[in-house]
Amino acid sequence: MAERRIQKISPTSIVTALIFLFSTAYSEPVFDVARFAQDSLVRIEINYSIRYNELQFVRGDSAYLSVFQVGAFLEKKGQITASISIYDTLIIPDYSITNSTSYHFGNIDLLSSPGCYNMEIFFEDKNTKKRYSKREKIRLPDYKKGESQLSDIVFLKSVADTVYPLLAPNIDPTDTGNYIYFECYPKEKTDSVSLDICISRRGKRGDCEKKSFPTSAVIRVYHSLTLSTPSSGEYTVSARKGDEKTSRDFYIYLSPEKELLLDTKKAVSKLSLIASSTELDSIRNARTDKEKLSLWENFWRRRDPSPGTVENEARDEYYRRIRWANEHLSGLLPGWTSDRGQTYILYGEPDEIEAHPFELNSKPYEVWYYYQLDKEFIFVDKTGFGDYILYYEK
């Protein structure tokens, strides 16, 4: 059977397609886990976030209330060894905020002895009883015995006097408030400790900086996430002390407006799935930055399903899907340009994915089902490098 290409959605139907999926799909809470030393124990810092429009708010006398529970536990050989659970209430005076895509952030800490465990983190909306959970294996090093002298890395963002975690770190390099935080637990008795901190794009040499700190039992390091020549893509930030290293991956993300001015060709190409050739040419050929922005804003204003509100759900959802595709579906090509990525951008999260990574008589393939849309897509990895090509579309 011949390979197929994804059909472009006409400009008149893109709002219907995006908003239909936007209103029926949901985004789960995002959890981020980091390990730190605390005396002879290990402190597991669990940061979480969830969109306001994913919570159920109940109307009170003068405000709208959402009640939820967040917790985590460690399990070893069938026994729970440590646990924490908290209840929280959000009180929102303005109904429009309850439907926004802004995030609520929170944090819980779990203390445990070193060792290897199964860990489960959960979030439950008490108004709907909807429960989300994430389960994974976790190793807690014995920092006291010197198994590790470096903690995990946490991404932070500073706005005015408020610092909050970046849980799914999409970093805008033009912002000056992006940081990493980690701790060092040196064992030597010297006056100072040297650390090498590097930021590198995947597969390329990075920008490195050697920093010295006065020796103490706990060295707390804040380091600005800045790049000399930033561009969109996957990066790694690492800290090294001697032979030991701690690292985290992140994605450089330019806002659509900033990308439009810094890399017009790429920004316009990202609209090609939903824009007409006339619309693309008009933005591409604009003579000034002001004209580009005006045409881009008008493009999305025509597709805004709720013009009377601050949010433009079609625009926000479209770029959220591009970011997700880049983070999860990149291979030989950037995620948003791949067949799976473009399918996700146009139709959203599938209702079901059949993954067949190890088949004796065929290449690896995936089947994506969209039951509500009566659509089915088959993607085949012909190269074996995760570059799935659209093979069949129903």
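As the structure is a prediction and not an experimental result, all values here were calculated from the model. (Residues numbered from 1 in each chain as written. Predicted model: local features only at pLDDT ≥ 70, side-chain atom pairs only at ≥ 80, totals over all residues. Heavy atoms only, no water.)

Colleague: Tell me about the pattern of salt bridges, and please be specific about residues and values.
Modeller: A complete count under the given rule lists 23 salt bridges for this structure. In this structure, Glu124 and Lys126 form a salt bridge, with 3.3 Å as the shortest nitrogen-oxygen distance. Between Glu124 and Arg131 there is a salt bridge, and its shortest N-O distance comes to 3.3 Å. In this structure Glu124 comes out as buried when scored by relative accessible area, which is 11%. Within this structure, Arg43, Glu45 and Asp109 form a network of salt bridges that share partners. (Salt bridge = Lys/Arg side-chain N within 4 Å of Asp/Glu carboxyl O. Buried < 20%, exposed > 50% of the residue type's maximum accessible area, 1.4 Å probe, protein only.)

Colleague: Pulling in residues and values, what's your account of the sheet that holds strand 6 (residues 103-112)?
Modeller: One key point about sheets: their strands pair by backbone hydrogen bonds, in either a parallel or an antiparallel sense. Read across the open sheet, the 3 strands follow the order 1-2-6; overall the sheet is antiparallel. Of all the strands in the sheet, the pair left with one neighbour each is strand 1 (30-38) and strand 6. Strand-to-strand twist of the sheet, defined as the mean angle between neighbouring strand axes without regard to direction, takes the value 20°. (Pairing = 2+ DSSP bridges. Helix = DSSP H or I, 4+ residues; strand = E, 2+ residues; numbered from the N terminus. Axes fitted to C-alpha atoms, helices over the stretch in contact; angles between N-to-C directions.)

Colleague: Would you mind going over the environment of Arg284 in detail, with residue names and values included?
Modeller: By the secondary structure assignment, Arg284 is in helix 5 (residues 277-284). Between the alpha carbons of Arg284 and Lys265 there is a distance of 7.2 Å; along the sequence they are 19 residues apart. Here the side chain of Arg284 touches Asp281 through a polar contact of 2.7 Å, side chain to side chain. (Polar contact = N/O pair within 3.5 Å; in protein donor to acceptor, adjacent residues only side chain to side chain.)

Colleague: An account of helix 7 (residues 313-328) is needed here, citing residue identities and associated values.
Modeller: When the terminal C-alpha atoms of helix 7 are compared, their 22 Å separation across 16 residues agrees well with the 22 Å that a helix rising 1.5 Å per residue should span. Looking only at helix 7, the buried set comprises Glu313, Ala314, Glu317, Tyr318, Tyr319, Arg320, Arg321, Ile322, Ala325 and Asn326. (Expected span 1.5 Å × (residues − 1).)

Colleague: Which residues make up the side chain of Arg320, and what values do they have?
Modeller: Relative to the elements of secondary structure, Arg320 occurs in helix 7. Its relative accessible area of 17% is what places Arg320 among the buried residues.

Colleague: Can you break down empty space enclosed by the protein residue by residue, with the values?
Modeller: Enumeration over the complete set of coordinates arrives at 2 cavities of 30 Å³ or more. Considering only enclosed or pocket space, the largest cavity measures out at about 50 Å³ in volume. Here the lining of the largest cavity is composed, by residue class, of 4 nonpolar, 4 polar and 2 charged. There is about 30 Å³ of room inside the second largest cavity. Taken together, Pro256, Glu259, Ala267, Lys270, Trp296 and Tyr319 make up the lining of the second largest cavity. (1 Å grid on protein atoms, 1.4 Å probe; cavity = no way out; pocket = protein on both sides within 12 Å on 5 of 7 lines; lining within 4 Å. Points joined across faces, edges and corners; volume = space filled by probe spheres on them. Nonpolar A, V, L, I, M, F, W, Y, C, P; charged D, E, K, R; others polar.)

Colleague: Describe the pairing of strand 1, and please don't skip the residues or the numbers.
Modeller: Across 9 bridges, the pairing between strand 1 and strand 2 (residues 41-51) is antiparallel. Along strand 2, the bridge assignment pairs Gln38 with Leu41. Linking strand 1 back to strand 2 in an antiparallel pair, the connection comprises 2 residues, with Asp39 at a positive phi of about 55°.

Colleague: Explain the sheet that holds strand 21 (residues 388-393) to me, and be specific about the residues and the numbers.
Modeller: In space, the 4 strands of this open sheet follow the order 18-19-20-21, with antiparallel pairing throughout. The open sheet has two edge strands with one neighbour each: strand 18 (352-356) and strand 21. Ignoring strand direction, the axes of neighbouring strands in this sheet form an average angle of 20°. Direction of pairing for strand 19 (residues 365-370) relative to strand 20 (residues 375-381): antiparallel, over a ladder of 6 bridges. The residue bridging Trp368 from the neighbouring strand is Phe377, located in strand 20. The strands that helix 8 (residues 339-347) touches are strand 19, strand 20 and strand 21; relative to strand 19, the one it contacts most, it runs at about 10°. (Contact = heavy atoms within 4.5 Å.)

In short, shape yes, function no, at least from these values alone.
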